[in-house]
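What follows is each chain in one-letter form.
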Amino acid sequence: MVLNIRQLRRIPGGGYHRDVRSSESEPIDSVEKAFARGEEHALRAAYVQYGSLVYTFCRRTLDESRAKDVTQEVFISAWRSRERYEPAKGTLAGWLIAITRNRIIDNVRSEQRHAARRSDDDPTEIPVAADVERVGDRLMIAEALRCLSDRARRVVTLHYFDDLTHRQIAERMSVPLGTVKSDLRRGLSQIRHQLESAHG
């Protein structure tokens, strides 16, 4: 797994994941702990927090109807196996993305086999796992950026997207050089944590 923040520029269909969560969203850490404990409201809270992320991932490869179905399947599957989720070992977003990745690959391969049967051709599967994994990683990077503070997010994007040096960022934002370096370090740590969560 290569940490490459620039790949966000190449997400099919646009830039960052668009956040459409409601005003009822809870703090991320409380949602993750409630989900792991199986609290009654936790499934709905997780869907509010991460439903659009999972759907966006599905929609990159599947048609709209199937993407909606798979999104629901992911949350149902995650809830049924919630005892396997450990907040201390990774984020809920990463765990959901890992489940989503497997569901998408299964769906694409199933459709390939179905299409081959319809055409009486030999069922030759087109490799999809690597492409699906790349999209998942891009979305996890976007999710990690979203979770940063406004200042840290701007520092990371100025450095990796605008190619500014640490000193240039400090001058542009009127903050100490040490603040820029610590924001970058924390930002990259968060991104790495999200990616590792999605890869188990």
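Positions within a chain are numbered from 1, following the residues in the order the chain's sequence is written. Local features are withheld for residues below a pLDDT of 70 in this predicted model, meaning they are given only at 70 or higher, and side-chain atom pairs are given and counted only at 80 or more; totals for whole chains, interfaces and linings count all residues. No hydrogens and no water enter the side-chain calculation; it runs on all heavy atoms of the structure.

Trainee: I tried to follow the pattern of salt bridges on my own but got confused; where do I start?
Mentor: Two side chains bearing opposite charge may form a pair once their charged atoms approach each other closely. Note on definitions: salt bridges are taken to be side-chain nitrogens of Lys or Arg within 4 Å of carboxyl oxygens of Asp or Glu. Overall, the coordinates contain 11 salt bridges when judged by the stated rule. One salt bridge connects glutamate 39 with arginine 37, and the closest N-O pair in it is separated by 2.6 Å. Relative accessibility decides the category of a residue: with a 1.4 Å probe and only protein chains considered, values under 20% of the type maximum give buried, values over 50% give exposed, and everything between is partly exposed. Since its relative accessible area comes to 55%, arginine 37 is described here as exposed. For glutamate 143, the salt bridge goes to arginine 146, with nearest N and O atoms at 3.1 Å. With a gap of three residues between them, glutamate 143 and arginine 146 both fall in helix α5 (residues 129-147), about one helical turn apart. What makes glutamate 143 buried here is its relative accessible area of 0%. Relative accessible area serves as the criterion here: at 24%, arginine 146 is assigned to the partly exposed category. Residues joined in a network through salt bridges with shared partners are Arg66, Asp69, Glu73 and Arg103. In this description a helix means any DSSP run of H or I spanning at least four residues, a strand means any run of E spanning at least two, and both kinds are numbered starting from the N terminus.

Trainee: Could you clarify how one ought to interpret helix α6 (residues 150-160) in this entry?
Mentor: Each turn of an α-helix holds 3.6 residues, which means side chains three or four residues apart point in the same direction. Buried within α6 are the following residues: Ala152, Val155, Val156, Thr157 and Leu158. Where α6 is buried, its residues touch α5, α7 (166-173) and α8 (177-198). Whether two residues touch is decided by their heavy atoms; if any such pair falls within 4.5 Å, the residues are in contact.

Trainee: Any chance you could explain the packing of aromatic side chains here in plain terms?
Mentor: Between rings of Phe, Tyr and Trp, where Trp is taken as its six-membered ring, a pair exists when centres lie within 6.5 Å; planes separated by under 30 degrees are stacked, by over 60 edge-to-face, and by other angles tilted. Within the structure shown, the criterion is met by five aromatic pairs. Between the aromatic rings of phenylalanine 35 and tryptophan 79, the centroid separation amounts to 5.3 Å while the plane-to-plane angle is 75°, which identifies the pairing as edge-to-face. Of this pair, phenylalanine 35 sits in helix α1 (residues 28-37) while tryptophan 79 sits in helix α3 (residues 64-80), and the two are 44 residues apart along the sequence. Overall, phenylalanine 35 belongs to the buried group, its relative accessible area being 0%. Stacked on the ring of tryptophan 79, the Lys or Arg arginine 82 has its end atom at 4.1 Å from the ring centre. Any Lys NZ or Arg CZ that is within 6 Å of a ring centre and within 35 degrees of that ring's normal is treated as a charge sitting over the ring.

Just geometry here; none of it tells us what the structure is for.
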